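Observations on the three-dimensional arrangement
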Amino acid sequence: QVQLVESGGGLVQAGESLRLSCAASGSIFLINAMGWYRQAPGKQRELVATINSGGSTNYTDSVKGRFTISRDNAKNTVYLQMNSLKPEDTAAYYCYARAITRGTLWPLDYWGQGTQVTVSS
């Protein structure tokens, strides 16, 4: 099993920044990809950004140029630097990892509990 623990959410004003962190632990053999999704009230969960083990990144259009995802493979940790935050970025942000654990032969998806980001106008 893999446990994901997020931190860094909070309440900020529009234009300010936040940095989210997510540390993975457990019987990890390999983490293929990590990333962040978000879910606003009444809306479906959507991809924000992902990064694979080689460092290739993918962002949803609405955060390109404002958010940066990075990863420390040695620490099994993924970060999301969020700049120029907007009220529409308000959501619960969930960490994601696709990992192979010791004892499994294929990767499985794991999710964190979520951290709230609220941006006031």
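These remarks concern the structure in this document. (Residues numbered from 1 in each chain as written. Predicted model: local features only at pLDDT ≥ 70, side-chain atom pairs only at ≥ 80, totals over all residues. Heavy atoms only, no water.)

1. Digging into a nonpolar patch on the surface
- A contiguous nonpolar patch, built from Leu105, Trp106 and Leu108 and spanning about 380 Å² of accessible area, is present on the exposed surface.
- Mapping Leu105 onto the fold places it in the loop between β9 (91–101) and β10 (108–111).
- Take Leu105: its relative accessible area is 76%, and that puts it in the exposed class. (Patch = residues over 30% accessible without salt bridge, like charges linked within 9 Å, V, L, I, M, F, W, Y side chains within 5 Å. Areas by Shrake-Rupley, 256 points an atom, 1.4 Å probe, with all protein chains shown as cover. Salt bridge = Lys/Arg side-chain N within 4 Å of Asp/Glu carboxyl O. Helix = DSSP H or I, 4+ residues; strand = E, 2+ residues; numbered from the N terminus. Buried < 20%, exposed > 50% of the residue type's maximum accessible area, 1.4 Å probe, protein only.)

2. Quick look at the sheet that holds strand β3 (residues 18–26)
- Pairing is antiparallel in the open sheet, where four strands are placed in the order β1-β3-β8-β7. At either margin of the open sheet sits one strand with a lone partner, and together these are β1 (2–7) and β7 (67–72). Across the sheet, the axes of successive neighbouring strands diverge by a mean angle of 15 degrees, strand direction being ignored.
- Strand direction decides the pairing type here: β1 and β3, joined by six bridges, are antiparallel. Across the sheet, the residue bridging to Val2 is Gly26, located in β3. (Pairing = 2+ DSSP bridges. Axes fitted to C-alpha atoms, helices over the stretch in contact; angles between N-to-C directions.)

3. A closer look at the nonpolar core
- Counting 31 residues, the largest nonpolar core has Trp36, Leu80, Met82 and Tyr93 as its most contacted members.
- No other element matches β9, which puts five residues into this core. (Core = buried A, V, L, I, M, F, W, Y, C linked by side-chain atoms within 4.5 Å.)

4. Brief notes about the state of the cysteines
- Scanning all chains against the criterion turns up one disulfide.
- Between Cys22 and Cys95 runs a disulfide, and the two sulfur atoms are separated by 2.0 Å. Between Cys22 and Cys95, the S-S dihedral sits near -85 degrees, and the bridge is therefore left-handed. Taken together, the residues Cys22 in strand β3 and Cys95 in strand β9 connect sequence positions 73 residues apart. Cys95 matches Cys22 in its accessibility class, with the two residues each being buried. (Disulfide = S-S within 2.5 Å.)

5. What about the pattern of salt bridges?
- Overall, the coordinates contain five salt bridges when judged by the stated rule.
- Linking Asp89 and Arg38 is a salt bridge whose minimum nitrogen-to-oxygen distance equals 3.0 Å. In this pair, Asp89 sits in the loop between β8 (77–82) and β9 while Arg38 sits in strand β4 (residues 28–39), placing the two residues 51 residues apart along the sequence. An identical accessibility class is assigned to Asp89 and Arg38; each is buried.
- Ionic pairing is found between Asp89 and Arg66, a salt bridge with its closest N-O pair at 2.8 Å. Note that Asp89 is positioned in the loop between β8 and β9 and Arg66 in the loop between β6 (57–59) and β7, a separation of 23 residues in sequence.

6. Comments concerning the packing of aromatic side chains
- What the rule picks out here adds up to three aromatic pairs.
- Taken together, a centroid distance of 5.0 Å and an interplanar angle of 75 degrees make the contact between Tyr37 and Trp111 edge-to-face. Of this pair, Tyr37 sits in strand β4 while Trp111 sits in strand β10, and the two are 74 residues apart along the sequence.
- With relative accessibility at 36%, the residue Trp111 sits in the partly exposed group.
- Ring geometry for Tyr96 and Trp111: centres 5.2 Å apart, planes at 50 degrees, overall tilted. Residue Tyr96 is located in strand β9, and its partner Trp111 is located in strand β10; the two are separated by 15 residues in the primary sequence.
- By relative accessible area, Tyr96 is classed as buried at 8%.
- In this structure an aromatic cluster arises from ring pairing among Tyr37, Tyr96 and Trp111.
- The aromatic ring of Tyr79 is capped on one face by Arg19, whose charged end is 4.2 Å from the ring centroid.
- One residue, Arg45, lies across the ring of Trp111, its end atom 4.9 Å from the ring centre. (Phe/Tyr/Trp six-rings, centres within 6.5 Å; stacked < 30°, edge-to-face > 60°. Lys NZ or Arg CZ within 6 Å of the ring centre and 35° of its normal.)

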